[in-house]
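These are the residues of each chain, in order.
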Amino acid sequence: MKINKAYKFRLEPNVEQEVILNNLVGSARFVWNQILAISFEMFAQNKHINAVNLVKKITALKKNPQFSFLDGNSNAVSLQQKVRDLASAWGKFFNPKEHARLKEKKRKPKKPKFFKLADGTEVQLRPLMPRFKKKSDGYDSIRLVQFDKYCWVKGNKLKLPNGVGVIKFRKSQEILGTIKNVTISKVSGRWYVSFCTETELTEMPIHPSKSAIGVDLGVKKLITTSNGQVFDPINSFKTNQIKLARLQRKQRKKVKFSQNWKKLNFKINKLHHHIANIRHDYLQKITTTLSKNHAMIAVEDLKVANMSKSASGTIENQGKNVKAKSGLNKSILDQGWGMLVSMLEYKQQWRGGLLVKVDPKYTSQTCCECGHVAKENRQTQAKFECVGCGYVANADLNASRNILSAGHAVLSVEGGCGKGRPKKQKASEIREEVA
Ligand SMILES: [Zn+2]
């Protein structure tokens, strides 16, 4: 079995190196935008868009005397990777499943935007279509594949091509496995390096624990486990959200792309990044704890759960003023829940444990003692009281117990723990101490 892991560290380029890196990520962004414009033309002409077609366009772009700066300021491999990413972004757009998923989220329709083609006609930028990258997005990156051909890592030093030379990084953890590729990214003015590694396991790991739990994901309580453990949502999250909203309000009053607008934009991007880091670290800690202690973890299948949770009133019962906020809260939650489950998934695989996804239907209305299913069992958000047997419990705890039994049921149908486990290990990410 092959296991993929990713390690991310803060990169510390000197002034000259930063100039080169800025050119490298800048030219990759430029090529993305140029090829995207070309692919809109292809789209309008009903031409097939795929990686092979798009990568071929790079040569012509480099030959264009207008774009001669690409010579010497770009890395050929990373340009190809960038264009491949663009092709997979188009692949997402052409995939009907992705559109179905988007529809489920029920986002508010935005004012339509258009891209002007060479002949003067316009293409409407539809949802899921790849977008143009702007410097003001605050995020740029390049990816280098076939790492050992022209890069190396020794201690806390990384050798990069294109005259960058040897760069220091804050190595907070040993890098295990063979490095397959490396991504250099610039986020809100800071540089990072991510290594993707591969390790071949000769034996399947065996989880040290025999314990099994059910996990209920919620809004007020992020996690309630079937053995009564509760993990609260992150506290600092709320204050940062208020800060963010304040900055965004301020920015709306400024002239777009003016000096003051740019200053605020940088602050906003930085805060976004900070919030994402806090969430990521917190979820890493929780999922490690759960995965270390339990061989089997049952969760609700989120693809279905997202809908039923909001419909059953979990988010609506948050208090006054919810309507305006619920859109924001929900998007944060969706992201957080999804991330949490995928972390549990790969951590369980590393340790030889199992993550079982169960149908979320009726988990909150079923009595975990007698199995009676009724809407009336759930009188309030917090309290569960069975109208059949009189069993009283915390509603989340009752749900997590149902999730656990559903998990056991899934396993017994599949015929034991061996089956139903995905063979291929998913690439995943460990974010490192980067502050
Ligand atoms: Zn009951």
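Residues numbered from 1 in each chain as written. Predicted model: local features only at pLDDT ≥ 70, side-chain atom pairs only at ≥ 80, totals over all residues. Heavy atoms only, no water.

1. What to know about the overall build of the protein chain
Move 1: A count of helical and extended segments in the protein chain gives 11 helices and 17 strands.
Move 2: Taking as baseline every contact in the protein chain between residues at least 6 positions apart, the subset at least 24 positions apart corresponds to 70%.
Move 3: Taken as a whole, the protein chain presents about 24300 Å² of accessible surface, with 53% of it coming from carbon and sulfur. (Helix = DSSP H or I, 4+ residues; strand = E, 2+ residues; numbered from the N terminus. Contact = heavy atoms within 4.5 Å. Areas by Shrake-Rupley, 256 points an atom, 1.4 Å probe, with all protein chains shown as cover.)

2. Regarding the packing of helix H1 (residues 15-44) against helix H4 (residues 76-93)
Move 1: Put simply, H1 and H4 touch, their axes get as near as 9 Å, and they point 40° apart. The orientation of H1 with respect to H4, classified from their angle, is oblique. Relative to H4, H1 is oriented so that their crossing is right-handed. Contacts between H1 and H4 involve Ser-27, Ala-28, Val-31, Trp-32, Ile-35, Leu-36, Ser-39, Phe-40 and Phe-43 on the former and, on the latter, Leu-79, Lys-82, Val-83, Asp-85, Leu-86, Ala-89, Trp-90 and Phe-93.
Move 2: Class assignment for the residues of the contact of H1 with H4 results in 13 nonpolar, two polar and two charged. (Axes fitted to C-alpha atoms, helices over the stretch in contact; angles between N-to-C directions. Parallel < 35°, antiparallel > 145°, perpendicular 65-115°, else oblique. Left-handed = near helix turned anticlockwise from the far one by under 90°. Nonpolar A, V, L, I, M, F, W, Y, C, P; charged D, E, K, R; others polar.)

3. What to know about unusual backbone geometry
Move 1: Here Ser-188, not a glycine, exhibits a phi torsion of approximately 45°, which is positive.
Move 2: Along the chain, the position of Ser-188 falls in the loop between strand S8 (178-187) and strand S9 (190-200).
Move 3: With phi around 65°, Tyr-362 is a residue other than glycine that occupies positive phi space.
Move 4: Within the secondary structure layout, Tyr-362 lies in the loop between strand S14 (354-358) and strand S15 (383-385).

4. With respect to the side chain of Asn-181
Move 1: Examined against the element boundaries, Asn-181 turns out to sit in strand S8.
Move 2: When its relative accessible area of 16% is taken as the criterion, Asn-181 is described as buried.
Move 3: The contact partners of Asn-181, leaving out residues within four places of it in the chain, are Arg-143, Leu-144, Val-145, Phe-147, Ser-194, Phe-195 and Cys-196. (Buried < 20%, exposed > 50% of the residue type's maximum accessible area, 1.4 Å probe, protein only.)

5. Some thoughts on the coordination of the zinc ion
Move 1: Here the zinc ion is held by Cys-367 (SG), Cys-370 (SG), Cys-386 (SG) and Cys-389 (SG), and the distances to it run 2.2 to 2.4 Å.
Move 2: Taken together, the four donor atoms coordinating the zinc ion and their angles of 108 to 111° define a geometry best described as tetrahedral.
Move 3: In primary sequence terms, the donor set of the zinc ion follows C-x2-C-x15-C-x2-C. Taken together, the residues Cys-367 in the loop between S14 and S15 and Cys-386 in the loop between S15 and strand S16 (392-394) connect sequence positions 19 residues apart. Both residues of the pair, Cys-367 and Cys-386, count as buried. (Donors = N, O, S within 2.8 Å, 3.2 Å for Na, K, Ca; no water. Tetrahedral: all angles 85-135°; square planar, octahedral: opposite > 155°, others 65-115°.)

6. Considering the nonpolar core
The tendency in soluble globular proteins is for nonpolar side chains to be buried side by side.
Move 1: Core analysis: the biggest nonpolar cluster contains 49 residues, and Trp-90, Ile-184 and Phe-195 have the highest contact counts within it.
Move 2: Of the residues forming this core, the biggest block, 11 residues, is contributed by H1.
Move 3: Sequence-distant contacts of Trp-90, defined by excluding residues within four places in its chain, comprise Leu-36, Ser-39, Phe-40, Phe-43, Ile-49, Leu-54, Met-129 and Pro-130.
Move 4: Formed by 21 residues, the second largest nonpolar core is a distinct cluster that contains Val-215, Phe-231, Val-299 and Leu-340. (Core = buried A, V, L, I, M, F, W, Y, C linked by side-chain atoms within 4.5 Å.)

7. Some thoughts on the sheet that holds strand S13 (residues 296-300)
Move 1: If you walk across this open sheet you meet the five strands as S12-S11-S10-S13-S14, and the pairing is mixed. Each having just a single partner strand, strand S12 (230-231) and S14 make up the two edges of the open sheet.
Move 2: Lying over the sheet, helix H11 (residues 395-414) contacts strand S10 (212-217), strand S11 (223-225), S13 and S14, oriented at roughly 130° with respect to S10. (Pairing = 2+ DSSP bridges.)

8. Structural notes on the pattern of salt bridges
Move 1: Applying the stated criterion across every chain, the model contains eight salt bridges.
Move 2: Here Lys-221 ties to Asp-396 by a salt bridge, and the two come within 3.2 Å at their closest N and O atoms. Of this pair, Lys-221 sits in the loop between S10 and S11 while Asp-396 sits in helix H11, and the two are 175 residues apart along the sequence.
Move 3: Its relative accessible area of 19% is what places Asp-396 among the buried residues.
Move 4: Between Lys-383 and Glu-385 there is a salt bridge, and its shortest N-O distance comes to 3.4 Å. (Salt bridge = Lys/Arg side-chain N within 4 Å of Asp/Glu carboxyl O.)

9. Describing the confidence of the model for the protein chain
Move 1: The predicted model of the protein chain has a mean per-residue pLDDT of 85, with 86% of residues at 70 or higher.
Move 2: Below a pLDDT of 50 lies the segment residues 307-328, which in the model reaches 25 contacts outside its immediate sequence neighbourhood of four places, other chains included.
Move 3: Under a pLDDT of 50 for its full length, residues 416-435 has, in the predicted model, 58 contacts with residues more than four places off or in other chains. (pLDDT = per-residue confidence, 0-100.)

10. A word on the side chain of Thr-183
Move 1: Looking at where Thr-183 falls in the secondary structure, it is placed in strand S8.
Move 2: By relative accessible area, which is 18% here, Thr-183 ends up buried.

11. Thoughts on the packing of aromatic side chains
Move 1: Under the definition given, this model contains 19 aromatic pairs.
Move 2: Plain terms: the ring middles of Phe-40 and Trp-90 are 5.6 Å apart, the flat faces sit at 75° to each other, and that makes the pair edge-to-face. Of this pair, Phe-40 sits in helix H1 while Trp-90 sits in helix H4, and the two are 50 residues apart along the sequence.
Move 3: The exposure class of Phe-40 is buried, given its relative accessible area of 0%. (Phe/Tyr/Trp six-rings, centres within 6.5 Å; stacked < 30°, edge-to-face > 60°.)

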